[in-house]
Structure formats: structure tokens, C-alpha cells
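Coordinate inspection notes
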Amino acid sequence: MSEPIPVIDDISILYSDPKLASARARWAELSAEFEKHYGRKPDFIARSPGRVNLIGEHVDYSGFGVLPMAIEDDCLIAVAVNESSSDVKFANINKKYSSLEFSPKSSQDGYVDINPELHVWSNYFAAGYRGLLEELNIETPNGMLCLMSGSVPEGAGLSSSSAFVCCSVIATVKAQESLLEKSQRKIPSAHEIATIAIRSERYVGALVGGMDQAASILSKPNAALFIEFHPVLKATPVYFPTTQPAIAFVIANTLVTSAKAETAPVRYNLRVVETRGAARVLALALGIPLPADGKFHLKQVLDAHYEKVGFSSEGKTEAEADIEKLVGMTEVVERVLGTDEIKNGVSYSKLCELSGLSEAEFKKLYIQQPIRDEIFHLYRRAKHVYTEERRAVAFRDTCEKAMRVQEKAAGGDEHKAVVESKALFKRLGELMDESQVYCHKYFDCSCDELEELTQLARRAGAYGSRLSGAGWGGASVSLVSEDRVPEFISHLKKEFYAKHHPDLTEDQLERAIFASAPSSGAAMFVGH
Ligand code: NG1
Ligand code: MG
């Protein structure tokens, strides 16, 4: 829990062989460009990766566990520290992005001004910078010269935004190290940095959960992560068998970009309000006392409900007990929210009435960010969340079973192990497919292109396929037998990309569809 962000002097531990050569070229280019731009060498390079979510979609802000893995595409920020002035300069190696220069002293809050209404790229840097300084209460920070290089595709559901915010937090922390040491304060651990990054991204305007930041910062090589948020942030590595038959995850981007910040009022932030509203209505119906601030998420409703009615986990594994509770909550949702009055959506005034609040009170409690809609779906959103968490728990449990099969197989009956493993992979695929159905039908976060891609993927032999990340566009992720990856990719190139995007260059295609191994999380590079 108190491990620091790893400091490395060799990037080969971050990338698999096929990516390493291009990664080396990119890191070298960043250092060279930095010198050209600022006339000196950087002191260090911070790195934070994007992620693909395997399962557990739109449940993190309801307090539930998710199962993403870091990918190899990442955000790099090269930094030179200036201890004699607090001024900051920030630019991107790609000139298409505007640069930023500021002096903390002259901004309104003493850090940096951020206007979330203006969707400018540099807000993500500013959010991480400000979040960190505010948290550590640093008044006169060291100055920073920064240059960034990003390889996570934008708006693809692969979390380019969080990779950027996390990288900004890490870069800022490292730049302030001498100050912290002078005042004998401890350097925040990776866990603390993840928590700060989660809070920081909220400055940019969306009411985000915490999956992306935790995955970007805490991932370990060769493992996905099961990340829990409530009552505290906890990340447990989840491994996949590496002996034959092995599996791979293929990411395929629809190339429909979903601009999160701009669409939040009718999509992401609206879902946050709907799930919070559902939690409140369920709590009232179940006679669960609401906390003083009135705020409750769906995980807290589950915990409070089973504490009230009693639950015996005797003779059950942790996964079995969790699944039983989640199934029980799905029945409660049917009973309380599946009524004629609520099932097909309610108006804002009805939502407030069901919540036992006036419209002004509801707004004050639950609507911190602008939202815009006339119908609020409590039943369908809550049904998605409780069933999706059941699928995430079952997915993790199935991975653990597959690892046990692999361990037992060593020196035992190999044929039996192959048959058992395949059955478990099939189960993983079914869970992913079911997740896609619920994202589409109950959470309304899919789109035509995602439906088409995931169906094509299944037809091309994937065990399962689903959208990844917030949805409404962006990437899909498919579970594929490792030996079939090349054939699978060429099938999708032909059936999806050649038809919808015939003009893509070979290089663009490679970036649109690719297999990704679980990559390691954030790191700080201090070599030269
Ligand atoms: P995207 O938009 O794919 O980065 C978002 C949230 C996550 C999570 C997923 C849906 C941010 C930074 N991330 O991911 O926390 O809620 O949607 O599962 O907003
Ligand atoms: Mg994002």
C-alpha cells in the first residue's frame, strides 16, 4: 500500500518486444525535442499508461469493483525543475496542441486557473498540477519546464485523459521532491498519488469514477487489476494463464470519438445522477437511514441492506457471497424500481418526489455539474450496475480458477487442463457478451458501430466482445485465443475497417486494431 512510484533507468521493462523499438525512438525524440525547445536536458520523464477495461463498466462511481488492465500506449512528460522560480511552461511535441505558461502566484487560487467550460487540452495538465499542490499544501512550488508526448488515442475509451492527468500529478510530485525533503515531508505513495489523481480529474468537468487513474498508476506487469473503491482504494492483480491455450485481448477502435467533456450533461454526468437517484430511492424503500449529507451510492445501499437484514457468508467463498448479495439486490431493484410508475423513466419532478426532496434540495445534493435531460432512468441504470458487478466478480473468480487449472496441469493431465481452460475462457467470453447487452439495453452507452464491431468479433471467433470505457463510441475489447489473433485481426480489418474506413493508412490501421498485453503502470525515468 505504501509503495512509491517505481523509478527506472531502462524503459525496456515497460514495453513488450514488438513495441520496444518504436518506444525507444519516441523517448529519444522527446528528449531531443526538449533540448531544442528549452535549451537544456530534462531532469526526468514521467510515464503513465492508458487502460482498457475488461469488465465492470460504469460501476466505479457507484462504489463497485472494476477490472481493467494498463496498455502499452502512454503519456510521457519530460520535465526540468527550476528551484529559483515557480513559473511553469507546458507544451506538446505535437504542435496541434496549444501550449500553456503560467505563474502560480498570479492565478486566482495561487495554483493555476482552470475553466472547465473551455474544453482546452492543457486543462488536463493543469488539473493534475493543481490537484497535487493543493493536496500537499505547497505554496511556493518549484518551477517546471515540461514537454509531453502522448500515444494513447483520444476519445477511444482507452483513457487518454486519465493517462494525461496521472502523468501530470506524477511529474509535479517529482518536481516538488526537493521541497518536500527540505521540509521533511514524506513523498506520497503510489496509492496516495492515485487517490489525488482521481480527485484532480474532477477539475476538468466530469464527475469521474476512479478506475482509469488507479489502473494507470497501480498496474503491475503481466496482470490486470481488480480495483475496489469502497470503503478504501484497493487494487489486486488478476493473472491470466500463460501456458497453452493462452488468451489475448484485442482492442478495436470504432473510430467514433466520444468527447466526454462536451457530452457529459446528457451522458456521463447524467448517468452519475441517475445512479445516485436510484440509490436514494432504494435506500428510502429499504428503510436504510441516509447519511447526514444525504449522499449514498449503490454499493453503500447493498452494504447497508445486508447489514440490516443479516447475511451469513458461512461455507461460501468471497466471490460466492458477493454474487449472492448482488443477485439479491437485482431482485430488490425489480421490486422497488420495476414498477409501472418508475420502470420506463421518471421526470425530474417525479425523481425529486421519490427522493423525498424539493427540486432545489435535490439539485444541491446531487447535481454539481450541469446535466440536461427530461427523463431519468432509475430502474434500467440500477439493474445494469448490480448485474454488471456480478459479472465483474464472476470474471475475476473465473480467471483465478483458470490459474489454478494451469498450476495443477504442470506435470498432470494436460489434455484435461486444456479442456477445462477452454471452458473457463468460454465463460469469460459469455460474461463479456452479457456486459455488452446490458451496456446497450440498460445503460444506453453503446452505439451502432460498437454493436457492429462486437458482433463481427464474435463471428470471427472471439470468446466474447464488448465496449470498453465510457462507451458511446471508442474502443471494443475482445477475448481471443492467442493462436487466432492474426486471423481475427485480418477478419475485422476486412469486414469493418475496409468497409467503413477505406482510406486509413497501414499505420492508422495498426493503431485502430491491435492486441495488447497487460502493461505495467506509472513510472519515473531518470536515466539519460
Ligand atoms: P473513459 O471515458 O473511457 O475514460 C469513464 C470514466 C471511468 C469509468 C468509465 C465507465 C473518466 C476519467 N473515466 O472512462 O471512471 O466510469 O467511464 O466504466 O471519467
Ligand atoms: Mg477518459
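The model shown is predicted, which means the values in this text are computed figures rather than measured ones. (Residues numbered from 1 in each chain as written. Chains lettered and ligands numbered in written order. Predicted model: local features only at pLDDT ≥ 70, side-chain atom pairs only at ≥ 80, totals over all residues. Heavy atoms only, no water.)

**Considering the overall build of the protein chain**
To be explicit about the condition: Starting at the N terminus, helices and strands are each numbered in turn, a helix being any DSSP run of H or I of at least four residues and a strand any DSSP run of E of at least two. Radius of gyration: over C-alpha atoms. The globule rule applied is 2.2 Å multiplied by the number of residues raised to the 0.38 power. The rule is simple: take the accessible area with a 1.4 Å probe, protein chains only, and divide by the maximum for that residue type; under 20% is buried, over 50% is exposed, in between is partly exposed. Only heavy atoms matter for contacts: two residues are in contact if any of them lie within 4.5 Å across the pair.
In terms of helices and strands, the protein chain carries 17 helices and 13 strands. Against the 2.2 N^0.38 benchmark of 24 Å for 528 residues, the protein chain shows a C-alpha radius of gyration of 23 Å, consistent with a compact globule. For the protein chain, the spread of C-alpha atoms along the three principal axes comes to 65 × 60 × 50 Å. For the protein chain, the proportion of its 528 residues judged to be buried stands at 58%. For the protein chain, long-range pairs separated by at least 24 residues make up 75% of all intrachain contacts whose partners lie at least 6 apart in sequence.

**Section: unusual backbone geometry**
Backbone torsion omega between H230 and P231 reads 5°, so that peptide bond is classified as cis. Here P231 shows up in the loop between strand 7 (224-228) and strand 8 (234-238). Look at the link from Q244 to P245: it is a cis peptide, with omega at 0°. Of note, S159 is a non-glycine position whose phi angle comes to about 65°, a positive value. Mapping S159 onto the fold places it in the loop between strand 6 (143-150) and helix 3 (160-175). A positive phi angle, close to 50°, is found at D444, a residue other than glycine.

**Here's the deal with the pairing of strand 2 (residues 44-55)**
Keep this limit in mind: If DSSP finds at least two bridges between two strands, the strands pair.
Here strand 2 lies mainly inside the structure; 12 of its 12 residues are buried. Summarising the sheet, strand 2 and strand 3 (residues 67-82) pair through 10 bridges and their orientation is antiparallel. Residue pairing across strands places I55 opposite L67, the latter belonging to strand 3. By the bridge criterion, three bridges tie strand 2 to strand 13 (residues 523-525) in an arrangement that is antiparallel. Bridge pairing links A46 to M524 in strand 13.

**What about the nonpolar core?**
The cut-off we apply is this: Take the buried residues of types Ala, Val, Leu, Ile, Met, Phe, Trp, Tyr and Cys, join any two whose side-chain atoms come within 4.5 Å, and each joined set is a nonpolar core.
Ranked by size, the top nonpolar core spans 143 residues in total, and within it I77, I217, L337 and F395 carry the most contacts. At 13 residues, helix 13 (residues 378-409) tops the list of elements feeding residues into this core. Apart from the residues within four sequence positions on either side, I217 is in contact with I5, S48, C166, I170, A190, I193, A194, A197, G521 and A522. Counting residues in hydrophobic clusters, the runner-up holds 20 residues, among them W27, Y38, I45 and A78.

**A closer look at the sheet that holds strand 10 (residues 464-467)**
Heads up, the condition is: Lines fitted to C-alpha atoms define the axes, with helix axes restricted to the stretch in contact, and inter-axis angles between N-to-C directions lie between 0 and 180 degrees.
Spatially, the four strands line up as an open sheet ordered 10-11-9-12, and their pairing is antiparallel. Here the strands that pair on one side only, and so sit at the sheet edges, are strand 10 and strand 12 (513-516). The mean angle between the axes of side-by-side strands here comes to 25°, regardless of whether they run parallel or antiparallel. Across four bridges, strand 9 (residues 247-253) lies against strand 12 in antiparallel orientation. If you follow I251 over to strand 12, its bridge partner there is F514. Across the sheet, helix 14 (residues 414-441) lies against strand 9, strand 10 and strand 11 (475-481), angled at about 30° from strand 10, the strand it touches most.

**Observations concerning helix 2 (residues 123-136)**
To keep it simple, the criterion reads: Expected helix span is given by 1.5 Å per residue-to-residue step, counting one fewer step than there are residues.
With 14 residues, helix 2 extends 20 Å from end C-alpha to end C-alpha; this agrees with the ideal 20 Å at 1.5 Å per step. Within helix 2, 12 of the 14 residues are buried, which leaves the element mostly enclosed by the surrounding structure. All of the buried residues along helix 2 are N123, Y124, F125, A126, A127, G128, Y129, R130, G131, L132, L133 and L136. Just past helix 2, the residue N137 takes up positive phi, approximately 55°.

**A closer look at the packing of helix 8 (residues 268-285) against helix 11 (residues 348-355)**
Close contact between helix 8 and helix 11 brings their axes to 9 Å; oriented N to C, the two are set at 35°. Of helix 11, the residues touching helix 8 (which contributes G277, R280, V281 and L284) are L351, L354 and S355.

**Observations concerning helix 5 (residues 190-201)**
Between its first and last C-alpha, helix 5 extends 16 Å over 12 residues, near the 16 Å set by a 1.5 Å rise per residue. Those residues of helix 5 that fall on the buried side of the exposure criterion are A190, H191, I193, A194, I196, A197, I198, S200 and E201. Structurally, helix 5 contributes buried residues whose contacts are with helix 2, helix 3, helix 6 (211-218) and strand 8.

**Things to note about the pattern of salt bridges**
Convention followed: By salt bridge we mean one thing: a side-chain nitrogen of Lys or Arg within 4 Å of a carboxyl oxygen of Asp or Glu.
Tallying each qualifying case throughout the model produces 36 salt bridges. A salt bridge links R40 to D43; the nearest nitrogen and oxygen atoms lie 3.2 Å apart. On the basis of relative accessibility, which here comes to 35%, the residue D43 falls in the partly exposed class.

**Some details on the packing of helix 2 against helix 5**
Our working definition: Working rule for angles: under 35 degrees goes down as roughly parallel, over 145 as roughly antiparallel, 65 to 115 as roughly perpendicular, anything else as oblique. Helix crossings are classified by the rotation of the near helix relative to the far one: an anticlockwise turn of less than a right angle makes the crossing left-handed, while a clockwise turn makes it right-handed. When residues are sorted by character, Ala, Val, Leu, Ile, Met, Phe, Trp, Tyr, Cys and Pro go into the nonpolar class, Asp, Glu, Lys and Arg into the charged class, and all the rest, Gly among them, into the polar class.
The N-to-C vectors of helix 2 and helix 5 enclose an angle of 125°; their axes lie 8 Å apart at closest approach. Between helix 2 and helix 5, the crossing angle belongs to the class labelled oblique. As for how helix 2 packs across helix 5, the hand of that crossing is right-handed. Within the contact between the two elements, helix 2 uses Y124, A127, G128, G131, L132 and E135 and helix 5 uses I196, R199, S200 and E201. Of the residues in the contact of helix 2 with helix 5, the class split is four nonpolar, three polar and three charged.

**Focus: the state of the cysteines**
To keep it simple, the criterion reads: Only a pair of cysteine sulfur atoms within 2.5 Å counts as a disulfide in this structure description.
Summed over all chains, the structure comprises zero disulfides. Lacking any disulfide linkage, C399 is separated from the closest cysteine sulfur, that of C439, by 18 Å. Classification of C399 by relative accessible area gives buried; the value is 1%. Sulfur of C439: no disulfide; nearest cysteine sulfur belongs to C445 and is 4.0 Å away.

**A closer look at the confidence of the model for the protein chain**
Which entries qualify depends on this criterion: What pLDDT conveys is the predictor's confidence in a given residue, as a value from 0 to 100.
Chain-level statistics for the protein chain give a pLDDT mean of 94 and a share of 99% at 70 or above. Confidence metrics for the complex model read pTM 0.95 and ipTM 0.96.

**A look at the packing of aromatic side chains**
The geometry of two aromatic rings is summed up by the distance between their centres and the angle between their planes. Selection rule: Pairing of aromatic rings covers Phe, Tyr and Trp, the last counted by its six-membered ring, and requires centre-to-centre distances within 6.5 Å; plane angles under 30 degrees mean stacked, over 60 mean edge-to-face, and any other angle means tilted. Think of it as a cone above the ring: NZ of Lys or CZ of Arg counts as a charge over the ring if it is within 6 Å of the ring centre and within 35 degrees of the ring normal.
In this structure the tally under the stated criterion is 20 aromatic pairs. For the ring pair F102 and Y129, a centre distance of 5.2 Å and an interplane angle of 80° mean the geometry is edge-to-face. Taken together, the positions of F102 in strand 5 (residues 100-102) and Y129 in helix 2 put the pair 27 residues apart, joining distant regions of the chain. With centroids separated by 5.8 Å and ring planes inclined at 85°, the aromatic side chains of Y348 and F362 adopt a geometry described as edge-to-face. Of this pair, Y348 sits in helix 11 while F362 sits in helix 12 (residues 359-366); the two residues are 14 residues apart in sequence, bridging distant segments of the chain. Judged by relative accessible area, F362 falls into the buried class, the value being 0%. An aromatic cluster is present here, built from F90, Y97, F102, W121, Y124, F125, Y129 and F164 joined pairwise through their rings. Lying over the aromatic face of F443, R271 brings its terminal NZ or CZ to 5.8 Å of the ring centre. Sitting over the face of the ring of F311, K316 holds its NZ or CZ atom 4.7 Å from the ring centroid.

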